[in-house]
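# Reading the structure
One letter stands for each residue in the lines below.
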Amino acid sequence: MTTVTPAASTTATAKPVGTGPRPSRRSPARRRSTPLTIAMLAVLAYFLLPLCWLLIASTKSTQDLFNTFGLWFSHAPQLLSNIRATFTQDDGVFGRWLLNTVLYAGASALGAALLAAAAGYGFAKYRFRGHGAAFNLVLGAIMIPTTALAIPTYLLFAKAGLVNTPWAVVLPSLISPFGLYLMRIYAEDAVPDSLIEAARVDGAGELRIFCTIALRLLAPGLVTVILFTLVATWNNYFLPLIMLNDPNLYPITVGLSSWAARAQNGGAGASSDLLALVVTGSLISIVPLVLAFLLLQRYWQSGLATGGVKQ
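The structure contained in this document is the topic of the report that follows. (Residues numbered from 1 in each chain as written. Predicted model: local features only at pLDDT ≥ 70, side-chain atom pairs only at ≥ 80, totals over all residues. Heavy atoms only, no water.)

## Some words on the environment of Ile 286
Inspection of the secondary structure puts Ile 286 in helix α16 (residues 274-307). Ile 286 gets classed as partly exposed once you look at its relative accessible area, which sits at 28%. For the pair Ile 286 and Trp 234, spaced 52 residues apart in sequence, the C-alpha separation works out to 9.3 Å. For Ile 286, the residues in contact, after removing those within four places along its chain, are Leu 51 and Leu 54. (Helix = DSSP H or I, 4+ residues; strand = E, 2+ residues; numbered from the N terminus. Buried < 20%, exposed > 50% of the residue type's maximum accessible area, 1.4 Å probe, protein only. Contact = heavy atoms within 4.5 Å.)

## Quick notes on the packing of helix α6 (residues 93-125) against helix α15 (residues 252-265)
Contact geometry of α6 with α15 gives a least axis separation of 8 Å together with a crossing angle of 150°. Classified by the angle between their axes, α6 and α15 sit roughly antiparallel to one another. For the pair α6 and α15, contact is made by Val 93, Phe 94, Trp 97, Leu 98 and Thr 101 and by Ile 252, Gly 255, Leu 256, Ser 258 and Trp 259, respectively. Of the residues assigned to the contact of α6 with α15, the class counts are seven nonpolar, three polar and no charged. (Axes fitted to C-alpha atoms, helices over the stretch in contact; angles between N-to-C directions. Parallel < 35°, antiparallel > 145°, perpendicular 65-115°, else oblique. Nonpolar A, V, L, I, M, F, W, Y, C, P; charged D, E, K, R; others polar.)

## Some points on the packing of aromatic side chains
For the coordinates displayed, the defined rule picks out 11 aromatic pairs. Their ring planes at 25° and their centres at 6.3 Å tell us that Phe 94 and Trp 259 sit as a pair that is stacked. Linking Phe 94 in helix α6 with Trp 259 in helix α15, this pair joins segments that are 165 residues apart in sequence. Here Phe 94 and Trp 259 have matching classes, each one buried. Look at Phe 123 and Phe 128: their rings are 5.8 Å apart centre to centre, the planes differ by 50°, and that puts the pair in the tilted class. Residue classification places Phe 123 among the buried positions, given a relative accessible area of 9%. Members of the aromatic cluster, connected to one another through ring pairs, are Phe 87, Phe 94, Trp 97 and Trp 259. (Phe/Tyr/Trp six-rings, centres within 6.5 Å; stacked < 30°, edge-to-face > 60°.)

## Observations concerning helix α8 (residues 150-160)
If you check which residues of α8 are buried, you get Ala 150, Thr 153 and Phe 157. When α8 is viewed along its axis, its buried side chains cluster within an angular range of 60° and face the same direction. Of the exposed residues in α8, those oriented more than 90 degrees away from the buried face are Leu 155, Leu 156 and Lys 159. For α8, the elements touching its buried residues are α9 (167-173) and α14 (238-243). Gly 161 lies just past α8 and shows a positive phi near 75°. (Arc of directions from axis to C-beta.)

Written out as structure tokens, the structure reads:
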């Protein structure tokens, strides 16, 4: 006869559900790293303290800059009067410097982004004789500091008769070896070869494929190159210094430097809080860059998120 084991005995030997050891879960407070938090606060202070000082110093007169604590306001803040005096000093030349800087940086950023996109797309999707050597030359150009090329560039532009013109600042800024390298790397994955072949089968030419298909897919990379070139040209000092002689063509960097030199040497206008105007002008000069990052960061972030999803 077959013996049937009672169900009760099987149930008795089974362990109740939920009585086993549970994986330990650390609270968010325990996962925090105190050294890492301190390091991040130090980095945050490193970046924000100069901006805080600049904002506070822009509310002071020249006397208050030397007689009050640097990271606190004076008894009589005068930010609005400093801004008004900055734009009216020397017949309003600061406004012209600001427009010149916007022109130089905007034209350079757009031109450098388009050239880098075209060259990067060509390196990524075409193979030609000397392909590897040409790209290695681009990588080598990244290592050359721009200040080392300033004097040779000046000599070339002097021969061409372009010194003391806006072209002397814009044309050298159109060349961006790092932007070309970045766009080549981005184009390899962002523009599928199958999409290019499909467009060719439909009868589209190479220029049309690049302008209507590739540029749209390369938009996040374009924004990145635009931001880098915009900041580099906006903060460029040495190239405009040697290329431009007319104060009406100065960008903000060279113009504020000339004011600072006048203030230190006790020249004309030094008695009218010229040093305070230099500080206020420096604050005004960073506002367009902040606005540019705020306006373009959503395109940048969306492109990075799109590129991080494997399709």
